[in-house]
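What the coordinates show
The chain contents come next:
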Amino acid sequence: MLYSPYDWNEAIRHRSDYIEERLAEGSPVLALSCAEGVLLLTLRGTQRKLFEIYDRLAFAALGQQADIEAVRLSVIDFSHQEGFTRSPDDVTVGRVVAAVSPALKKAFGDPLTAPLVLRALFAEVGRRPDADALYVLGYDGEFRMSRGFAVVAGSPQAEERMRA
Amino acid sequence: MSGADRPTGGDFLELLRRQGHPLAMSATGQRGYEAPAPLPHFPVAPSASGVVEVHGTTVIALKYAGGVLNVGDRRATAANAVMYDRAEKILAVDDSTLLAISGAYAKALEVVRYLRHAFNYYRRTQLQEMSLEGKLSEVSRVIAQNIASAMSGVGAFIPVLSVYDRDRGEGRIFFFDGLGARFESAEWGAAGSGSERIRGAFDYVLKTKGPFGQRSLDEVLGEALVLLDIAAEMDAATGGYEKVLPSARTVSAEGVETLPEERLRAAVERIRRG
């Protein structure tokens, strides 16, 4: 299949619209760094959204269950393999997110496969509260790190409102 | 997304095997915990490998009212040399499981590291705790897969597993043979070179003072230290409590706890006063 630049942009936009539509209803997840660790909060509707990944790593996501499960298992596999062959100290949230990001990007950009429908949040409890690291990972593989506070919600507008 | 295509079902060994991890591959390339088989044409005898292994020696598990106490001396030996007098042989695998290790120290530590990951991996992927039966099978499996290596004279180890069984509300002790067979013990378990020489002493204490499982932790701690001291006198590879205090941990409804040195020192004092 050959794409003209126009087709490519159009195809990506359609995929993006398709995913955003499905994410719009998702209930948000909040992450807050505090003295005791990282607090993850969500409104539990019908499905479980907060998960343990590794000794100091947690994962939360909204989206389609099968896709959340795929990413969850994939990062648990990566973490345990790394933690066993090297050391638990080498399993950091940055490595975990970077490891899963290319697969998401690939699925999103590949017109022959279904993209993953999810927006994910990763939290790592540091040795001190200011060392806690929070990552938000999008369905297109893009991620950003923040400290202290992070949020994922169904739409960018909702996220903006929660941040305010 | 390899995890999603073919879920491992929470089996950590399977995950390692897929990555081609040497620990998960046997010499024939089949699934197995053990790495290389002995080299061909070498006589199969402990000295043949040219490796002098570091061994952990005596570990003791005793029930007490409320859970199970594990006590181990701190000595690790290689042939007749004392390699290390701060070896930690009582290891927590998870919040309700203690593994007391004897035999090849390197292999035993590796197995504990493996089990910790295997239990956690199962719990995190499957979103439920591995059952006690499942955990016991996993321990049997790693012992069984170590047979070829143990036969060639390297890496034999024997653990004693202590758990707190929440369904029954009591501590339980399991011991294993070199092939991975599992046995449950009513009152006590012991492993290591020193334990062989004091087996009869356990029964003597049981018959004269009643079941360990009905006595207080401090009483049972005293018994464990005396038994360890006897083992140290009978077995050169076992350190007692004179030079370095043994390590002692409990597993109970509250989880795994390490007994502080002061408590051990007080128990030793009581023994000395007689």
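Everything below is about the structure shown above.
As a starting point, this report considers the structure included with it. (Residues numbered from 1 in each chain as written. Chains lettered and ligands numbered in written order. Predicted model: local features only at pLDDT ≥ 70, side-chain atom pairs only at ≥ 80, totals over all residues. Heavy atoms only, no water.)

1. A word on the overall build of chain A
The helix and strand tally for chain A stands at 4 helices and 8 strands. Secondary structure elements of chain A, listed N to C terminal, follow the sequence α-β-β-β-β-α-α-β-β-β-β-α. A compact globule built from 164 residues would reach a C-alpha radius of gyration of about 15 Å, and chain A, at 16 Å, matches this within 12%. Expressed along its principal axes, the backbone C-alpha trace of chain A runs to roughly 50 × 40 × 30 Å. Across the 164 residues in chain A, those meeting the buried criterion constitute 45%. (Helix = DSSP H or I, 4+ residues; strand = E, 2+ residues; numbered from the N terminus. Rg over C-alpha atoms; globule rule 2.2 N^0.38 Å. Buried < 20%, exposed > 50% of the residue type's maximum accessible area, 1.4 Å probe, protein only.)

2. A few points about the overall build of chain B
Helix and strand counts for chain B come out as 9 helices and 13 strands. Within chain B, buried positions represent 51% of all 274 residues. Residue pairs in contact within chain B that sit at least 24 positions apart in sequence constitute 61% of those at least 6 positions apart. (Contact = heavy atoms within 4.5 Å.)

3. Comments concerning helix α8 (residues 217-234) of chain B
Every α-helical turn comprises 3.6 residues, leaving residues that sit three or four positions apart pointing alike. With 18 residues, α8 of chain B should reach 26 Å at 1.5 Å per residue; the first-to-last C-alpha distance of 26 Å fits that figure. Residues of α8 of chain B that are buried sit in contact with β2 (59-64), β3 (67-72), α6 (193-197), α7 (199-209), β12 (247-252) and α9 (261-273) of chain B. (Expected span 1.5 Å × (residues − 1).)

4. Some points on the interface of chain A and chain B
A common way to express how large an interface is: the accessible area buried when the components associate. Listed as interface residues are 22 residues of chain A and, on the opposing side, 20 residues of chain B. Where chain A abuts chain B, roughly 1,900 Å² becomes buried across the two surfaces, and 63% of that area is made up of carbon and sulfur atoms. If you sort the residues of chain A by the area they bury against chain B, Asp77, His80 and Phe84 of chain A come out on top, with a joint share of 38%. With 12 residues, the single largest contributor to the side of chain A that touches chain B is helix α2 (residues 65-85) of chain A. Here the residues of the side of chain A that touches chain B sort into 11 nonpolar, 5 polar and 6 charged. (Buried area = accessible area lost by both parts, 1.4 Å probe. Nonpolar A, V, L, I, M, F, W, Y, C, P; charged D, E, K, R; others polar.)

5. Brief notes about the side chain of Ser247 of chain B
All names here are of chain B. Relative to the helices and strands, Ser247 is located in strand β12. A residue is classified by how much of its surface remains accessible, and Ser247, at 8% relative accessible area, is buried. At 3.0 Å, the side chain of Ser247 and the side chain of Glu88 are in polar contact. (Polar contact = N/O pair within 3.5 Å; in protein donor to acceptor, adjacent residues only side chain to side chain.)

6. Remarks on the packing of aromatic side chains
Applying the stated criterion across every chain, the model contains 10 aromatic pairs over all chains. Above the face of the Phe51 of chain A ring, Arg72 of chain A is positioned so that its terminal group lies 5.0 Å from the ring centre. Over the ring of Phe84 of chain A we find Arg113 of chain B; its NZ or CZ atom is 4.5 Å from the centre of that ring. (Phe/Tyr/Trp six-rings, centres within 6.5 Å; stacked < 30°, edge-to-face > 60°. Lys NZ or Arg CZ within 6 Å of the ring centre and 35° of its normal.)

7. With respect to the sheet that holds strand β1 (residues 29-34) of chain A
All names here are of chain A. Within the open sheet, the 3 strands sit side by side as β2-β1-β8. Their pairing is antiparallel. The open sheet is flanked by β2 (37-42) and β8 (149-152), the only strands paired with a single partner. Taking each pair of neighbouring strands and ignoring which way they run, the sheet shows an average axis angle of 15°. Here 4 bridges tie β1 to β8, and the two strands are oriented antiparallel to one another. Paired with Val29 across the bridge in β8 is Val152. The strands that helix α4 (residues 156-163) touches are β1 and β8; relative to β8, the one it contacts most, it runs at about 150°. (Pairing = 2+ DSSP bridges. Axes fitted to C-alpha atoms, helices over the stretch in contact; angles between N-to-C directions.)

8. A few points about the pattern of salt bridges
Where charged atoms from two side chains of opposite charge come close, those side chains can pair. Applying the stated criterion to the full structure yields 37 salt bridges over all chains. Between Asp165 of chain B and Arg168 of chain B there is a salt bridge whose closest N-O contact spans 3.9 Å. Within the structure, one salt-bridge network assembled from shared partners comprises Glu52 and Asp55 of chain A together with Asp94, Arg123, Arg124, Glu129 and Lys135 of chain B. (Salt bridge = Lys/Arg side-chain N within 4 Å of Asp/Glu carboxyl O.)

9. Re the sheet that holds strand β11 (residues 188-191) of chain B
All names here are of chain B. The strand order β11-β2-β3-β12-β13 describes an open sheet built from 5 strands, whose pairing is antiparallel. Single-partner strands in this sheet number two, and they are β11 and β13 (255-258). Averaged over all adjacent pairs, the angle separating strand axes in this sheet is 15°, with direction ignored. Looking at chain direction, β12 and β13 are connected through 4 bridges and run antiparallel. Considered in β13, the bridge of Ser252 is made with Gly255. Sitting on the sheet, α8 touches β2, β3 and β12, and the angle it makes with β2 is about 155°.

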